[in-house]
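Residues per chain, in single letters:
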Amino acid sequence: MATRDPGVLTTEQVVQARGVTRAFDGQVVLDHLDLDIAPGEFVAMIGRSGTGKSTLLRALAGLDPDVGGELAVDATAAVVFQEPRLVPWKRVWNNVALGLRVPDPRAVARTALDEVGLAARADAWPLTLSGGEAQRAALARALVRDPGLLLLDEPFSALDALTRITMHQLVLSLWERHRPAVLLVTHDVDEALALADRVLVLADGQIAHSASIPLDRPRDRDHPDLVALRIRLLTELGVATRDVS
Amino acid sequence: MGRPEPAVDGRGSPVSISTGSSETRRGSPAEPDAPALPLAGVTGGRPRARGSRGRGWRRSGWLRLISPVVVLALWQILSSTGVVSPQKLPSLTTLWSTAVHLITTDSPTYGTLQHAMLISLERVAIGFVIGGGLAMVLAVVAGLSRFGENAIDPLMQALRTLPLFGLIPVFIVWFGIGESPKITLVALAAAVPLYLNTFAGIRGVDGKLAELGQVLGLSRAEQIRAIILPGALPTILVGLRQSLGTAWLALVVAEQINANAGLGFIINQGEQFLQQNVIFVALIVYLILGLLTDYIVRLIERRALSWRRGILES
């Protein structure tokens, strides 16, 4: 049984996973996976669908009681899901403040909404928000908890391309300001290349590949290092890249 | 676990707006004054065509009045021209004067209409509070835990299939012929639909939102208050309307056994003295009270579910 106790963290890591294993009906999804994430580090995890990216993220978020192995995660981890998961009967600010234990949750929520550029919609009902706005509100809800680790489960995959670019910029600026460690699960190689310090490829239940990207942001998509890395990652993912080279 | 009631079908998810509100439209003659209110637009569905939807609804709201008015006019014509004998169907004007008479004179046979109405209202209110309250508690317990479900749900499902009015002789043996058998019957009638809908509503709450509550570190109590009960509310309110409806129904039946006051008593007396017009007046009062309670629930619905109207205002 995995422990998700900050006390178990033996080093300065916000995530320390050793031999994490998870099977569904005998089908092994995570197979003795090891993972470390340092404070403030931006890690992106890519993988074909069904490789267990979300399973791992859910385990890190403490949502999977049946995961095996040793798992120590910063207790202040916050999650943004693929869909915004705003509670439709609570106004936007109230969604952000949900479960917040501070003296003036409303003011704190408004500040967070201001940071994601959504202050004007603080009193709106969530069902009136656009997809991008809703995901911003979800980001504000995660950030308002001042997390040491931000778990992002394909948060931009349902957004249109333009909104996605804006969201990338927003996430980067928020990350630079608050410096949480980030684990971004995505199936978009370019998203990973644009944002992360380190890109992991998940395959066969383990981290099959890891690449560091020591480039400053914002990054030029056509930087030779990124082009080379993109080809490598796509090959790792089993996508034909002949036409690229 | 299957959904027990067709009426609650598809209402599980709090975002199933179009399904959730078709109910609001059904069987509601009190609707004419609703158009000004925001939920009106939600009635029936799609978020898109807002303006035209509101107008269309308003028009159909008034259109709904036509058929009742036609029926009333036919009624008046048939009875006042003697096509149907006034013994079988008293004319509306006769009923009006009968009503006025019942209200203004305290006759030894009938008492006054308003007194009878108060007695009936009181019975429904007490029965509903007891039955509905109990049903809510049981449904929350059954809805929130597997143990509660196993303990409570089979009994409530059994109760649902029990012919309620068949219990009357049993209740008379158990409780005598006073207020208790009547109130018990009303309470049982109110309890069943409210229980079924509340239970289904709780079980239908989006699991993803429950998971969110977990991620945000909500306590069990906060989770219930902030997510589960509000999520179940649309279905609970449907249950509330059904429940009030069956409560009135049960009252009508209950009051015709050994009552010495109340609307059912007036009906009984009218039957004894062959005064069809009195029976009709009492029935109409039942009808009006039933519509009124239904209308009140719909007002509550509009307030409590105002978050849905957001779709229209975006």
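Residues numbered from 1 in each chain as written. Chains lettered and ligands numbered in written order. Predicted model: local features only at pLDDT ≥ 70, side-chain atom pairs only at ≥ 80, totals over all residues.

Re the overall build of chain B
Here comes step 1: Broken down by element type, chain B carries 13 helices and zero strands.
Here comes step 2: Sequence-ordered secondary structure for chain B, helices as α and strands as β, is α-α-α-α-α-α-α-α-α-α-α-α-α.
Here comes step 3: By the burial criterion, 36% of the 314 residues in chain B qualify as buried.
Here comes step 4: The long-range fraction of contacts in chain B, counting pairs at least 24 apart against all pairs at least 6 apart in sequence, stands at 71%. (Helix = DSSP H or I, 4+ residues; strand = E, 2+ residues; numbered from the N terminus. Buried ≥ 20, exposed ≤ 12 C-beta atoms within 10 Å, placed from the backbone. Contact = placed C-beta atoms within 7 Å.)

Let's talk about the overall build of chain A
Here comes step 1: The secondary structure content of chain A amounts to seven helices and nine strands.
Here comes step 2: In terms of overall size, chain A behaves like a compact globule, its C-alpha atoms giving a radius of gyration of 18 Å where 245 residues would be expected to give roughly 18 Å.
Here comes step 3: If one aligns the C-alpha atoms of chain A with their principal axes, the spans along those axes are about 50 × 45 × 35 Å.
Here comes step 4: Out of the 245 residues belonging to chain A, those deemed buried represent 44%. (Rg over C-alpha atoms; globule rule 2.2 N^0.38 Å.)

Overview of the interface of chain B and chain A
Here comes step 1: Opposite the 20 residues of chain B that make contact, chain A presents 13 residues.
Here comes step 2: For the side of chain B that touches chain A, the secondary structure elements donating two or more residues are α9 (207-215), α10 (220-255) and α13 (310-313) of chain B.
Here comes step 3: Here the side of chain B that touches chain A gets six residues from one element, more than from any other, and that element is α9(B).
Here comes step 4: Of the residues assigned to the side of chain B that touches chain A, the class counts are 12 nonpolar, four polar and four charged. (Nonpolar A, V, L, I, M, F, W, Y, C, P; charged D, E, K, R; others polar.)

Quick word on the environment of A210(B)
Residue and element names in this part refer to chain B.
Here comes step 1: Relative to the assigned elements, A210 resides in helix α9.
Here comes step 2: Assessed through the 14 C-beta atoms surrounding it within 10 Å, A210 is described here as partly exposed.
Here comes step 3: Sequence separation between A210 and I224 is 14 residues; the distance between their C-alpha atoms is 9.1 Å.
Here comes step 4: Aside from chain neighbours lying at most four places away, what touches A210 is V205, Q223 and I227.

Here's the deal with the sheet that holds strand β3 (residues 42-46) of chain A
Residue and element names in this part refer to chain A.
Here comes step 1: In space, the six strands of this open sheet follow the order β5-β6-β7-β3-β8-β9, with mixed pairing throughout. The outermost strands of the open sheet, each flanked by one partner alone, are β5 (78-80) and β9 (206-212). Ignoring which end each strand starts from, the neighbouring axes of this sheet average 20° apart.
Here comes step 2: The pairing of β3 with strand β7 (residues 181-185) spans four bridges and is parallel. Bridge pairing in β7 places F42 opposite V182.
Here comes step 3: Along the sheet, helix α1 (residues 53-60) makes contact with β3, β6 (149-153), β7 and β8 (198-203), crossing β7 at roughly 145°. (Pairing = 2+ DSSP bridges. Axes fitted to C-alpha atoms, helices over the stretch in contact; angles between N-to-C directions.)

Brief notes about the pairing of β8(A)
All names here are of chain A.
Here comes step 1: Examined bridge by bridge, β3 and β8 share four bridges and lie parallel to one another. Across the sheet, residue I46 finds its bridge partner in β8, namely V201.
Here comes step 2: With six bridges connecting them, β8 and β9 associate as antiparallel partners. For A203, the partnering residue across the bridge sits in β9 and is Q206.
Here comes step 3: Where β8 hands over to β9, the hairpin turn is made up of two residues, of which D204 adopts a positive phi near 50°.

Some remarks on α1(A)
Here comes step 1: With seven of its eight residues buried, α1(A) lies for the most part within the structure.
Here comes step 2: Downstream of α1(A) by a residue or two, G62(A) has a phi angle that is positive, lying close to 80°.

Observations regarding unusual backbone geometry
Residue and element names in this part refer to chain A.
Here comes step 1: Cis geometry marks the peptide bond from R217 to P218; its omega dihedral reads -5°.
Here comes step 2: Structurally, P218 can be placed in the loop between β9 and α7 (224-236).
Here comes step 3: If you check the backbone angles, H32 has positive phi at about 50° while not being a glycine.
Here comes step 4: Its 14 C-beta neighbours within 10 Å are what place H32 among the partly exposed residues.
Here comes step 5: At E154, a residue that is not glycine, the phi angle is positive and equals roughly 45°.
Here comes step 6: Mapping E154 onto the fold places it in the loop between β6 and α5 (161-178).
Here comes step 7: The partly exposed category is assigned to E154, around which 19 C-beta atoms lie within 10 Å.

Structural notes on the environment of H178(A)
Residues and elements named next belong to chain A.
Here comes step 1: With respect to the element layout, H178 can be found in helix α5.
Here comes step 2: On the basis of neighbour counts, which here come to 15 C-beta atoms within 10 Å, the residue H178 falls in the partly exposed class.
Here comes step 3: Separated by 30 residues in the primary sequence, H178 and G148 have C-alpha atoms spaced 9.1 Å apart.

Considering the packing of helix α5 (residues 113-144) of chain B against helix α11 (residues 263-272) of chain B
All names here are of chain B.
Here comes step 1: Viewed as axis vectors pointing N to C, α5 and α11 meet at an angle of 130°, and their least axial separation amounts to 7 Å. Taken together, the axes of α5 and α11 are oblique relative to one another. Side by side, α5 and α11 meet where A116, M117 and S120 of the first sit next to L263, F265 and I266 of the second.
Here comes step 2: Of the residues contributing to the contact of α5 with α11, the split by class is five nonpolar, one polar and no charged. (Parallel < 35°, antiparallel > 145°, perpendicular 65-115°, else oblique.)

Comments concerning the environment of W175(A)
Here comes step 1: On the secondary structure map, W175(A) appears in helix α5.
Here comes step 2: Separated by 133 residues in the primary sequence, W175(A) and F42(A) have C-alpha atoms spaced 8.4 Å apart.

Some thoughts on the nonpolar core
Here comes step 1: Counting 132 residues, the largest nonpolar core has L151(A), L183(A) and V186(B) as the members making the most contacts within it.
Here comes step 2: Setting aside residues no more than four positions away along its own chain, L151(A) makes contact with L57(A), L60(A), A61(A), A77(A), A78(A), V79(A) and L183(A). (Core = buried A, V, L, I, M, F, W, Y, C linked by C-beta atoms within 7 Å.)

Some words on the sheet that holds strand β1 (residues 15-24) of chain A
All names here are of chain A.
Here comes step 1: The three strands are arranged β2-β1-β4 in an open sheet whose pairing can be described as antiparallel. If you trace the sheet from one side to the other, it starts and ends with β2 (27-37) and β4 (68-73), each paired once. Pairs of neighbouring strands in the sheet enclose a mean axial angle of 25°, with direction left out of account.
Here comes step 2: Pairing analysis gives seven bridges linking β1 to β2, with the strands arranged antiparallel. If you follow A23 over to β2, its bridge partner there is V28.

Topic: the confidence of the model for chain B
Residues and elements named next belong to chain B.
Here comes step 1: Chain-level pLDDT for chain B is 81 on average; 79% of the residues reach the 70-or-more range.
Here comes step 2: For residues 310-314, every residue scores under 50 in pLDDT, and the model assigns this stretch 15 contacts once sequence neighbours within four places are set aside.
Here comes step 3: Scored by ipTM, the complex comes to 0.86, with pTM at 0.77. (pLDDT = per-residue confidence, 0-100.)

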